[in-house]
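# Tertiary structure, described
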Amino acid sequence: MESVKAVVFACGTEEYAVPVEQAISIEKLEHVTPIPHLPNYLLGFTRIRGELVPVLDFERILYNRSSNSQSARVIVLNTDVVNYGLLVTEAREILDFDESVLKQMGLVNYSKTRYFTAVANLENRMITYVDPKVLVNSLDGIREIINYLHKMLKNEEENVEA
């Protein structure tokens with residue numbers, strides 16, 4: 001039977017998971033540079049291992065409140081659109097799910113939650129599976145932010161070459 005490896009994390013009181021192959025690293029939340037007038041889900045930009053990364057607050061996306069806790073972590077995710085940090089309440093573990101426990105959700109049909117692709121229905125817990133690419137593409141204003149990031153990176157490269 002096929003298994004799916006995922007990084008499990010908490011946001012609020014619920015548990016979520018992202019595919020392990022899209023998780024670059026899990027970091028403590030360090031200095032984030034806020035940029036005025038950006039959507040409230042975007043905390044700002046930070047440098048992680050030398051790379052400029054936008055940091056999205058998952059709790060703000062889901063519940064419109066900020067996840068300010070000592071155990072908060074940034075899961076750096078790789079998508080073909082952009083690498084970004086997802087601020088979560090707590091990074092918990094890496095789990096292997098049997099595909100048989102992953103149930104497809106009707107919520108993918110609801111435009112605001114398309115990024116919830118399945119639920120792992122385990123014996124004593126339920127974990128909602130999140131598609132990082134669908135998540136980042138579903139956010140209002142993200143295209144402009146990605147374009148801004150690419151422009152910043154291009155300027156940075158030009159300054160290094162000069």
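See the structure printed just above.
Since we're looking at a predicted model, the values are computed, not measured. (Residues numbered from 1 in each chain as written. Predicted model: local features only at pLDDT ≥ 70, side-chain atom pairs only at ≥ 80, totals over all residues. Heavy atoms only, no water.)

Aromatic ring pairs: the centre-centre distance and the angle between the two ring planes describe each pair. In this structure the tally under the stated criterion is seven aromatic pairs. Through pairs of rings, three or more aromatic residues link up here, namely Phe9, Tyr16, Phe58, Tyr115 and Phe116. (Phe/Tyr/Trp six-rings, centres within 6.5 Å; stacked < 30°, edge-to-face > 60°.)

With that settled, consider the sheet that holds strand β8 (residues 90-98). Here six strands make up an open sheet; going across it, the order is β8-β1-β2-β11-β10-β9 and the pairing mixed. Each edge of the open sheet carries a strand with a single partner, namely β8 and β9 (102-104). Neighbouring strand axes in the sheet, compared pairwise and without regard to direction, differ in orientation by 35° on average. Examined bridge by bridge, strand β2 (residues 14-19) and strand β11 (residues 126-130) share three bridges and lie parallel to one another. By the bridge assignment for β11, Glu15 is matched with Ile127. (Pairing = 2+ DSSP bridges. Helix = DSSP H or I, 4+ residues; strand = E, 2+ residues; numbered from the N terminus. Axes fitted to C-alpha atoms, helices over the stretch in contact; angles between N-to-C directions.)

Most of β2 sits inside the fold, with five of its six residues counted as buried. A loop of two residues connects strand β1 (residues 3-11) with β2, the two strands running antiparallel in sequence, and Gly12 in this loop sits at a positive phi of about 65°. (Buried < 20%, exposed > 50% of the residue type's maximum accessible area, 1.4 Å probe, protein only.)

Attention now moves to the environment of Arg73. For Arg73, the position within the fold is in strand β6 (residues 73-78). A relative accessible area of 23% places Arg73 in the partly exposed class. Expressed as a C-alpha distance, the spacing of Arg73 and Glu90, which sit 17 residues apart in the sequence, is 5.8 Å. Ignoring anything within four residues of it in the chain, the contact list for Arg73 reads Ile26, Glu27, Lys28, Leu86, Leu87, Val88, Thr89 and Ala91. (Contact = heavy atoms within 4.5 Å.)

Let's shift gears to the nonpolar core. Counting 30 residues, the largest nonpolar core has Leu56, Phe58 and Leu86 as the members making the most contacts within it. The greatest single-element share of this core, amounting to four residues, is contributed by helix α3 (residues 142-161). For Leu86, the residues in contact, after removing those within four places along its chain, are Phe9, Leu56, Phe58, Arg73, Val74, Ile75, Leu77 and Leu135. Residues Ala17, Leu95, Ala120 and Ile127 belong to the second largest nonpolar core, which totals eleven residues. (Core = buried A, V, L, I, M, F, W, Y, C linked by side-chain atoms within 4.5 Å.)

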